[in-house]
Every structure is written in C-alpha cells, then in structure tokens.
There are 2 protein chains.
Amino acid sequence: MGYVLAVDGGQSTTLSVIAKTDGTVLGAGLGGPANHLHQEGAKERCKKSMRDSLNGALREANLGKIKFEHVVLGMTGASELMKTLIWEVLREYVDEENFQFEHDSVTAWAGGTGGKPGVVVIGGTGSVALAVDGFDNRARVGGWGYYMGDEGSAYQIALQGLSAATKSYDGRAPKTVLIEALIDYFNVKDLWDVHKQVYSSEMDRADLAKLSKLVGNGANAGDKACLEIMSSAAHELALLVIAAANKVDFKGQTPIISTAGGVWKAGAPIWEPFKKEVLEAIPNAKVVKPVYPPSIGALVLALKGARVELNDEVLANIEKTRAIIERKK
Amino acid sequence: MGYVLAVDGGQSTTLSVIAKTDGTVLGAGLGGPANHLHQEGAKERCKKSMRDSLNGALREANLGKIKFEHVVLGMTGASELMKTLIWEVLREYVDEENFQFEHDSVTAWAGGTGGKPGVVVIGGTGSVALAVDGFDNRARVGGWGYYMGDEGSAYQIALQGLSAATKSYDGRAPKTVLIEALIDYFNVKDLWDVHKQVYSSEMDRADLAKLSKLVGNGANAGDKACLEIMSSAAHELALLVIAAANKVDFKGQTPIISTAGGVWKAGAPIWEPFKKEVLEAIPNAKVVKPVYPPSIGALVLALKGARVELNDEVLANIEKTRAIIERKK
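Residues numbered from 1 in each chain as written. Chains lettered and ligands numbered in written order. Predicted model: local features only at pLDDT ≥ 70, side-chain atom pairs only at ≥ 80, totals over all residues. Heavy atoms only, no water.

A.B. asks: Just to check I follow, could you spell out the layout of surface pockets for this structure?
C.D. replies: One water molecule sets the probe size; rolling that probe over the atoms shows where empty space is left. In this structure, the second largest pocket encloses a volume near 1600 Å³. Contributing elements (two or more residues each) for the lining of the second largest pocket: helix H4 (145-148), helix H5 (154-170) and helix H10 (224-246) of chain A together with helix H4 (145-148), helix H5 (154-170) and helix H10 (224-246) of chain B. With 8 residues, the top contributor of residues to the lining of the second largest pocket is H10 of chain B. (1 Å grid on protein atoms, 1.4 Å probe; cavity = no way out; pocket = protein on both sides within 12 Å on 5 of 7 lines; lining within 4 Å. Points joined across faces, edges and corners; volume = space filled by probe spheres on them. Helix = DSSP H or I, 4+ residues; strand = E, 2+ residues; numbered from the N terminus.)

Below you can see the structure in the form of structure tokens.
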C-alpha cells in the first residue's frame, strides 16, 4: 500500500494531510502561511511553512522519509514562484510527474462537488469561482483581488458593513445594529473610536474581512442594512458561478454548484438568495452544501492522481478518519 | 496696510498665499504634503512643507520676516499634532490669537459658497460635507476614509470602475469602455497586465483615485457602466449634503450648495443627478459651481479674520490678482 500527500494552503496556515491509498488518513500537520511572496523574507517563510506542515503530518503518521505516489497542493495565491519554492521542499518526497500544484479553487472545487462536474464559488477574504465540466474543461472567474474585484467576499462585506454603520451614524441612512456591533467588537465607546482601530497599522485586510461576521449576525437578526449587504453579496457570488458555468460545457450533465469559504457561515441570508439566482440561470443544476472541505478535496484529487478508484470502501475510509484533519483547523 | 496668509494643504502639496488686507494677492508658494503624519519622518516633512511654501510666497511677495494680521490654514488630515507642528513654523509670523487652523472642508466651504450660509461637499480622493448656517453652527458629515466611507469619492469611483471592467471581462456584466481605457492608461496588452500594475507597490490610493477620470470620460461618452457609477457617486455626494444640512439651521436663509474636489470635473454625468437630488430634498437651496477654489476660500477667511469687510473693492482686488495663485496649481 502506498501513500499520498494533500496540501491545503490558505491565508494563514498550510495544512498537510497524509493518507494511505485506500483513503485512510494517517496524519495531518500545520505550518504558517505560504503566500504573500512579495513580502520581505517570504520565500524562506513559504518553504518553512511547507516543511513544518509536512513534518507534522509525517510525525503524526509515524512515517520517516517516504516517497508519495501522488501529491496535490491547493494554494491561495498560487504562482510559478511558489511552485518552485515548494518543489524544492518536496522533491525528495515525490517524483516530478506526480507533483500536482494547483490554485486553491481547484481543491475547493474537488471538495465542494466531491470531484463531480460543476462549479465551486469561494467566498473567503477574496472571491473566485471555478467551473469544471465532464470534458476536462476548466474556467476560473473572478479572483481579481481587493482593488479590482473580490465582489461578494468577506472583505467586501466588511467594508460595506463599515460604510452602512458610518452612513447611519451620520444620518445618511436608517438605523442599523452595525454601529453597536462594531463598538462592542472593538470594545470602545463610539464609532469614531472604531475608526481609530480600523486605521491602526495592526489591522490588515484579513482582519478587516473578519468584520463580515458582524454583518452576517445582523442579517440573521433581521437588520435591514445587513440583509441588503448579504443579498448583494449573494448576487455577486451567483454572478461568478453563472459566468464560470457559461465558459465550460455542461451538456448532458447535472452540474453540482457548491461553495467554500467563510462568508457562507452567515447561512440563510446569503444562501437562499444565492441558490435562487443560480437555479434561475442554470435550472438543471444541483446547488449543494460542500461535500468536503478543500483539504479533503485535495486528498480526493491526490487519490485520483494515484489512480485510486473512489469506490464506497475508499470513501468510507476517508469518512472514518477525516477527524484527524478536522481537529487541526 | 497689513498682510494676511492663507494656506491650502492638500494630499500632495501645501500652497501658501500672501495678500494685502485690501485683497491684493502678492505672492504664492508651494511645498510638499503636510499630512500622513503616521509615516516615518513625516513630522519633519510637515514642517518643511510649510516652511517651503511660506518662503516661496514671501519671496514672490518680496517680503522679509513680517507679522501677519491673520493666518488661516485649511488642511487635509487636520489634527492637533499637525496644528502643533505648523504652529512651530508660523509662531514667528503671527500672534497666537490670529492663528486659525481648520480642516480643509472649512476653506472649501468658504471658497465654494463665497463664505455664505450653505453646504460644500468635497469629492476628492476622499469625501466629506460641511454645512455652515447663518447662526455660526457647523456640521461635518462623512470623512470616514477609504475603509469606512468616502462614498462618492474619486477613490470609490476608481474602484467601482475597476470592478466594472473585471466583471465585463469575465462575462459577469455587459461590455464597457473601461477595459480598453484601463489597458490604454497603463499602456499594456490585457486587463491582467493592468492587474499587475494596480497591485505593484508603486501605486498608492491617490494614484488609484486618478483612475476615476477614466470613469468620467466613459460616462461623457455615454458608456452605461460609467454612467451608473457616476450617478451612484452623485447620489452619495447628495446624501452627504442633505445629512449635513439637516444638522444645522437654514431657517430664513437660502443655503448655497457648492462643491470642491476632482470628481466634479466629470461634469454633467455627476453634476446633473447631484443637483436634482439636492433640490428635491432642499427646494429653497441654490446649487452652484464653486465661487472660488479652497485656496481663495482660505484667503476670504483670512481677510474676515483680519476684520476686513469683503466689499466690491476687496473682491475686485482678489479677482485682479488671483492668477498669481492659480498658476501655482
């Protein structure tokens, strides 16, 4: 029996998962972020993050230096430079033809749809959609970043929430729970104190994106401003799905439409308008909650790469052992 | 005859203007920016900018070390720290009771309305409105910055333009001239090359805000996406005016509503919907193009501070000599 390695590289952590080729997860390990390669010292950090997460997984799996039958990486901010850096770490562990380096949208798709033809839309700090049909066509839409796009992302939801709060505070818009929610969140007295916090150099875009949770909470409590922001985000995420679907060929297939990322935690206020708009545009689609998280999506692809048939037994082995991965999160 | 000093401190320059108390402008001088005081070395830079612009104006006016009867500063990013730094430079030139340090919205208001009761709305890199009634009540609305507000600003227009271009490129939105306009502006081949430029470290928020001009051009050429962005900006700027007006007391007065900042250069596509919405909310208002730019607004306030009556002769002297200021811009 051989082994595969699946890597899920996000904004803040790198997660490595080692499984046997029968689907049994043996170990998982965490490292720091591998992206933001333009920052000083980031190249060394990228390699260290990869090494840390791999070594953690090897330790937990009780494995020494082995060769993997296949390796799949799904990386936020994937680039040729990142691929080169990570290959330098992994070259001892896998042959080059079995080293599969992908954007995180690919592993999100494999997780979200269970590897079936369809579209995944990521609503995280940023936003992007990937469609993959049954004829091996792929189309990626969005992913333009915080200045040029990221419509429907947690970052955009957070900015819209901040704007709704200031407009309400000024008397430019009706009351919203967001003013109190922001004041509570930062544990200050007034919205101008929130202003000081938001512009302090300790807050970066990922920190700002976390404020989207307040908008989700407000929407679930029935706040009108929050509901409007979530339904506008749902519309943007649906547009990403529809545009991606239009670029591939789902003829004769039932596309699975699924999701990844933190914005979906808001539940019904984003899910319901999203589902409605997608089904109006693609009536034969199945809009589903993610079958697996992206980390298991990467594992599914790694098993496929190792020519493992994903039969009931393999899927049952993944189910039995997936807690090993989930407790790392 | 005495002298006054008027200072207009913006995002990129500090402009000092020296005039006689009969309104005749004698000289003007430019220095660097005085704001962004959180940056390294910015305190010294702030003082140097003030000193450079003052010395330039003194040289052009052929004046040595004099005492001004009154000094008015209208500064972007005005703060207590900035006030202290600038006072250190100007204390030799003016008595403390004649040193009037204001936010740039105040000099924009004095310029826009000619110092009459009313509201000015600044649509520059950021956005803010100031209402001043005939009873000395002042209300400032907006000015929350690029994360929490700045609705209707050049920066927001630019971001919306970038988003419209990427959505069109992806097939998420109809065609827009913005794709070609951006490709031309950056002199590249494709919108993904624009992406590289936008995220290069050489572009800051003020540079991004300049892209709003492309949206204005597109709107004037009849592009639907651009027209929508400009009319949405007009709505946001009208909301700022209306909220500010509601916070003061214009009873028995005809409020003058005027403007400052670069976004108004787009002309009819922003001006017409703005005027319509303001007049619907404040039917007795007069919506006018700015009487003076903020630099002359500062001069008007400086003359008022020196107890000069702004009669026809003084206003005529300003008119005759204002080219001295304008050729510095």
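Read on, since the account is not over.
A.B. asks: Help me understand the packing of aromatic side chains, please; the structure alone is not making it clear to me.
C.D. replies: Describing an aromatic ring pair means giving the distance of the ring centres and the angle of the ring planes. The tally for this structure, following the rule as stated, stands at 25 aromatic pairs over all chains. Residues Trp 271 of chain B and Phe 274 of chain B carry aromatic rings whose centres are separated by 6.0 Å and whose planes lie at 40° to one another, so their mutual orientation is tilted. You can see Trp 271 of chain B and its partner Phe 274 of chain B sitting in helix H11 (residues 268-281), 3 residues apart, about one turn around the helix. Looking at Phe 274 of chain B, the relative accessible area reads 0%, which means it is buried. Among the aromatic residues, those joined into a cluster by ring pairs are Tyr 146, Tyr 147 and Tyr 155 of chain A together with Tyr 199 of chain B. Across from the ring centre of Trp 271 of chain A, 4.7 Å away, lies the NZ or CZ of Lys 289 of chain A, which sits over that ring. (Phe/Tyr/Trp six-rings, centres within 6.5 Å; stacked < 30°, edge-to-face > 60°. Buried < 20%, exposed > 50% of the residue type's maximum accessible area, 1.4 Å probe, protein only. Lys NZ or Arg CZ within 6 Å of the ring centre and 35° of its normal.)

A.B. asks: Any chance you could explain empty space enclosed by the protein here in plain terms?
C.D. replies: Under the defined criterion, the tally for this structure stands at 3 cavities of 30 Å³ or more. Forming the boundary of the largest cavity are Tyr 146, Tyr 147, Tyr 155, Leu 159 and Arg 205 of chain A together with Tyr 146, Tyr 147, Tyr 155, Leu 159 and Arg 205 of chain B. Of the residues contributing to the lining of the largest cavity, the split by class is 8 nonpolar, no polar and 2 charged. (Nonpolar A, V, L, I, M, F, W, Y, C, P; charged D, E, K, R; others polar.)

A.B. asks: Please clarify how H5 of chain A should be interpreted in this entry.
C.D. replies: Given 3.6 residues per helical turn, the α-helix brings residues three or four places apart onto the same face. Compared with the 24 Å implied by 1.5 Å per residue over 17 residues, the 24 Å span of H5 of chain A between its first and last C-alpha is a close match. At the C-terminal side of H5 of chain A, Gly 171 of chain A shows a positive phi close to 85°. (Expected span 1.5 Å × (residues − 1).)

A.B. asks: Hey, could you run me through the sheet that holds strand S10 (residues 286-287) of chain B in this one?
C.D. replies: Hydrogen bonding along the main chain pairs the strands of a sheet, whether they run parallel or antiparallel. Residues and elements named next belong to chain B. Pairing within the open sheet is mixed, and its 5 strands lie in the order S8-S7-S6-S9-S10. In this open sheet, the two edge strands, each paired with only one partner strand, are strand S8 (138-142) and S10. Examined bridge by bridge, strand S6 (residues 118-123) and strand S7 (residues 127-132) share 6 bridges and lie antiparallel to one another. Bridge assignment links Val 120 to a residue of S7, and that residue is Leu 130. Strands S6, S7, S8 and strand S9 (256-260) of the sheet are contacted by helix H3 (residues 104-113), whose axis makes an angle of about 120° with S6. (Pairing = 2+ DSSP bridges. Contact = heavy atoms within 4.5 Å. Axes fitted to C-alpha atoms, helices over the stretch in contact; angles between N-to-C directions.)

A.B. asks: When you look at the relation of the copies chain A and chain B in this model, what are you seeing that I'm missing?
C.D. replies: Between chain A and chain B, the superposition needs a rotation of 180° and an axial shift of 0.0 Å, giving an RMSD of 0.1 Å. Between the two chains, the operation in question is that of a two-fold axis. By C-alpha distance to the rotation axis, the residue of chain A lying nearest is Tyr 147 of chain A, at 5.9 Å. When the interface residues of chain A are mapped onto chain B, 100% of them again fall at the interface, so both copies present the same face. (Least-squares fit on C-alpha atoms with pLDDT ≥ 70 in both.)

A.B. asks: Just to check I follow, could you spell out the interface of chain A and chain B for this structure?
C.D. replies: It is common to report an interface's size as the accessible area lost on association of the parts. Every contact between the two is made by 33 residues of chain A and, on the other side, 33 residues of chain B. For the chain A and chain B pair, buried surface summed over both sides reaches about 3000 Å², with 60% attributable to carbon and sulfur atoms. Interface area lost by chain A to chain B is led by Trp 144, Tyr 147 and Met 148 of chain A, which between them contribute 31%. Where chain A packs against chain B, one counts 4 salt bridges. For the salt bridge of Lys 167 of chain B with Glu 236 of chain A, the shortest nitrogen-to-oxygen distance reads 2.8 Å. Contributing elements (two or more residues each) for the side of chain A that touches chain B: strand S8 (138-142), H4, H5, helix H7 (191-198), helix H8 (205-209) and H10 of chain A. Here the side of chain A that touches chain B is built from residues that sort into 18 nonpolar, 8 polar and 7 charged. (Buried area = accessible area lost by both parts, 1.4 Å probe. Salt bridge = Lys/Arg side-chain N within 4 Å of Asp/Glu carboxyl O.)

A.B. asks: What's the story with the sheet that holds strand S4 (residues 70-75) of chain B in this structure? I'm lost.
C.D. replies: All names here are of chain B. As summarised here, the arrangement of the 5 strands in space is S3-S2-S1-S4-S5, forming an open sheet in which the pairing is mixed. Every interior strand has two partners, whereas the edge strands, strand S3 (25-31) and strand S5 (99-103), have only one. Direction aside, the axes of adjacent strands within the sheet are offset by 15° on average. Pairing analysis gives 7 bridges linking strand S1 (residues 3-9) to strand S2 (residues 14-20), with the strands arranged antiparallel. From the neighbouring strand, Asp 8 faces S2, where its bridge partner is Leu 15. Relative to the sheet, helix H2 (residues 80-90) contacts S1, S4 and S5, its axis offset from that of S5 by approximately 145°.

A.B. asks: Where do I start with the pattern of salt bridges in this structure?
C.D. replies: A side chain of one charge can pair with a side chain of the opposite charge when the charged atoms of the two come close. Residues and elements named next belong to chain A. Going through the model one piece at a time under the given rule, you end up with 30 salt bridges over all chains. For Glu 228, the salt bridge is made with Lys 224, and the minimal N-O distance between the two is 3.3 Å. Taken together, the residues span about one helical turn, with Glu 228 and Lys 224 both in helix H10 at a distance of 4 residues. Here Glu 228 falls in the partly exposed class, since its relative accessible area comes to 48%. You can call Lys 224 exposed: its relative accessible area is 62%.

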